[in-house]
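Structural description and commentary
Here is what each chain is made of, one letter per residue.
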Amino acid sequence: MRLRRIRPAVPPTSFALNDLLSEALAGTLQRPGRSALTALGTVLGVGAFVAVLGLTATASSQIDSRFSLLTATEVTVKDIAREQNEFADPAFPDDAGERVERLGGVEHAGVHWPVREDTGQGLAVRTSAVARGQNDMIDVVATAPGALRAAVPHLVQGRLYDDFHADTRQRVVVLSSSIAARLGIATLEARPAVFIGDQPFTIIGIIDDVKRKPDMLLSVLVPHTTAEELWGSPTDAAEMLISTRVGAAVQIAEEVPIALRPDHPEYLKAVPPPDPKSLRSSVTSDLNELFLLLAAICLVIGAVGIANTTLVAVLERTGEIGLRRALGARSRHVALQFLTESGALGALGGLVGTSIGTVTVVVVAVARNWTPVIHTGTLATAPVVGLVTGLLAGLYPAVRAARIQPVEALRR
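The following paragraphs examine the structure supplied in this document. (Residues numbered from 1 in each chain as written. Predicted model: local features only at pLDDT ≥ 70, side-chain atom pairs only at ≥ 80, totals over all residues. Heavy atoms only, no water.)

Topic: the overall build of the protein
Convention followed: By the criteria applied, helices consist of DSSP H or I runs no shorter than four residues and strands consist of E runs no shorter than two, each listed in order from the N terminus. Three exposure classes are used, based on accessible area relative to the maximum for each residue type with a 1.4 Å probe and protein chains only: buried under 20%, partly exposed in between, and exposed over 50%. Two residues form a contact once any of their heavy atoms are found within 4.5 Å. For every accessible area listed, the method is Shrake-Rupley and the probe measures 1.4 Å; residues are considered covered only by the protein chains on display.
When you go through the protein residue by residue, the secondary structure sums to 14 helices and 12 strands. Per-residue burial for the protein yields a buried fraction of 42% across its 412 residues. For the protein, the proportion of contacts with a sequence separation of at least 24, taken over those separated by at least 6, is 81%. Accessible area for the protein stands at about 22,200 Å²; split by element, carbon and sulfur atoms hold 58% of it.

A short note on the layout of surface pockets
To keep it simple, the criterion reads: Buriedness of a pocket was judged along seven lines, with at least five required to meet protein on both sides within 12 Å; pockets are open sets of points on a 1 Å grid over the protein atoms alone, cavities are sets where a 1.4 Å probe fits but cannot get out, and lining residues have an atom within 4 Å of a point. Grid points are joined across faces, edges and corners, and a volume is the space filled by probe spheres set on the points. Just so you know the grouping, Ala, Val, Leu, Ile, Met, Phe, Trp, Tyr, Cys and Pro go in nonpolar, Asp, Glu, Lys and Arg go in charged, and all remaining residues, Gly too, go in polar.
Approximately 450 Å³ is the volume found for the largest pocket. Along its surface, the largest pocket is lined by 25 residues, and D94, A96, E98, H224 and T225 are the ones closest to its centre. At the level of secondary structure, the elements contributing two or more residues to the lining of the largest pocket comprise α4 (96-101), β2 (106-114), α5 (145-150), α6 (163-167) and α8 (224-231). Across the lining of the largest pocket, the residue classes break down as 11 nonpolar, 6 polar and 8 charged.

Things to note about α8
What sets the pattern is the α-helix's 3.6 residues per turn: residues three or four places apart point alike. Within the sequence span of α8, burial applies to H224, T225, T226 and A227. Buried residues along α8 sit against β2, β5 (139-143), α5, α6, β9 (199-210) and β10 (219-223). Where α8 terminates, the next one or two residues include G232, which has phi positive at roughly 100 degrees.

Considerations on the packing of aromatic side chains
What counts, and what does not: Paired rings are identified among Phe, Tyr and Trp, the last through its six-membered ring, by centres lying within 6.5 Å, and are further divided according to the angle between planes into stacked (under 30 degrees), edge-to-face (over 60) and tilted (the rest).
Evaluated as defined, the whole model comprises 1 aromatic pair. With centroids separated by 6.1 Å and ring planes inclined at 15 degrees, the aromatic side chains of F201 and W231 adopt a geometry described as stacked. Of this pair, F201 sits in strand β9 while W231 sits in helix α8, and the two are 30 residues apart along the sequence. Judged by its relative accessible area of 1%, F201 is buried.

Examining the environment of P397
Inspection of the secondary structure puts P397 in helix α13 (residues 376-402). Taking relative accessible area as the criterion, P397 reaches 1% and is therefore assigned buried. Considering only alpha carbons, one finds P397 and V312, 85 residues apart in sequence, at a separation of 8.6 Å. In this structure, P397 is in contact with A307, T310, L311 and V314, ignoring residues within four places of it in sequence.

A closer look at the pattern of salt bridges
To be explicit about the condition: The term salt bridge refers to a side-chain nitrogen of Lys or Arg lying within 4 Å of a carboxyl oxygen of Asp or Glu.
Tallying each qualifying case throughout the model produces 5 salt bridges. A salt bridge links E74 to R212, with the shortest nitrogen-to-oxygen separation between them at 3.4 Å. Taken together, the residues span a long stretch of sequence, with E74 in strand β1 (residues 74-79) and R212 in the loop between β9 and β10 at a distance of 138 residues. For E74, a relative accessible area of 21% corresponds to the partly exposed category. With a relative accessible area of 5%, R212 lands in the buried category. The partner of R261 in a salt bridge is D263, and the shortest N-O contact between them spans 3.0 Å.

What follows is the structure, given as C-alpha cells:
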C-alpha cells in the first residue's frame, strides 16, 4: 500500500474589518502632530465649503426681504423722445409728478435731471466765504420733491424742500453730509448759503444716506421748478423716480407712459423691477461659483498634503510593510491599510471642518442680526467630501505601498 503525503492546507489570509481599522488608527496616532497638520488642509476646505453654502443661503434669504421692500417697489421712467423723433420736445409734462401720484399704488413720484449750462458743462458751486473763481465743480441735479421723497433720504440736519418750495420756485438746496464737508459747512444754524454759478441758494437740509438713487449723495439737489426758471427746461437725460406699494410696480410701469403722454406713450420707457426669484438665483449662483472655487482650492491643498504625508509614511514604514508581507499579508491588505489611514484623516478633517463652518455661519448671522440658514444636505455632504478627498489623496501612496516586494523591503 502506497502512502501519499498530504500537505496541510494553507488557510487563506484574511484581514478583518476591525483589524483594518485598528491598524489604520494605530498608524495615524503614531505621529499625532503630523496627522493633525495633514488634516488641516481638509479642515479648511470643508469648513470653507460649509461656510460658503451656509452664508450664501443666509444672504439669499436677506436678499428676498430687502428686495421686496426696496427694489420691488421702484419704477424708473426714461425720456426716449429724441430716440423716436429728433425734433421732439422733452417727454415729461410740467405736472408729471402729480399725474403719476394719482395712480393707484403710487406713493411718491417726481422728475430729476442733471443741470447743465448752455455749453453742456456742469455748474460751479462755492460758498459765500469763497472768492469768485475759486469754484468747486459739483454735480447739480434738479429734483422734484416727489423724487426726493421716493429716494427715502435720511435727514441729519434741517429739512427737505417740499411742494411749497417747488411751487414758489424757492432758491433752496439739499445736499449730502460729504458735500457739506467738502464745502466747509458743519452746521445749518447760521443759515449758510452756496452759490451755484452766480445764483445764491440757501441750504435747508443735509442728508447722509438714501435708500434709492445713491448718486444723489454726490450732488447738490435743487427744486426742479427753480432749475427750469434759471437754466431752462429739462434735457433728454431727464428721468422719473417712482416708489410704489409692494406688488404694484409692474402694473404702474405699464400705466405710466399712457398717463403722462397719451398722445405719444412711446416717448417714455418705464423700467419695472426685475423678478425677485431670478435676482436671487443669479446672486446665489454668482456667490456659489466664486466661493466654492476657493473651497475647492483649499480641498486640493488638503489632498496634496494628505498624499504627501501618506507617501512619506510609506517610505518610512518600508520595513514594516515587508514584515507584514512576509507574514502573509497580501498586496491588497497593505493598500487597504494605507487607504484607510488617508481616508480617516480626510473624514476627521471633514467632521472638524463641518463644525467650524457651521459655527462660522451662526456667528456671522448673529453679528449681522440675520437668521442663519444651512441646508441639511450641506451638513450631510461635507464630511463625505472630506472622506472622498482623503481616499483620493491616499490612492497613489496605497498603490505604491502594495507594490513593495517583501524581500526588497526586508533588505532595507
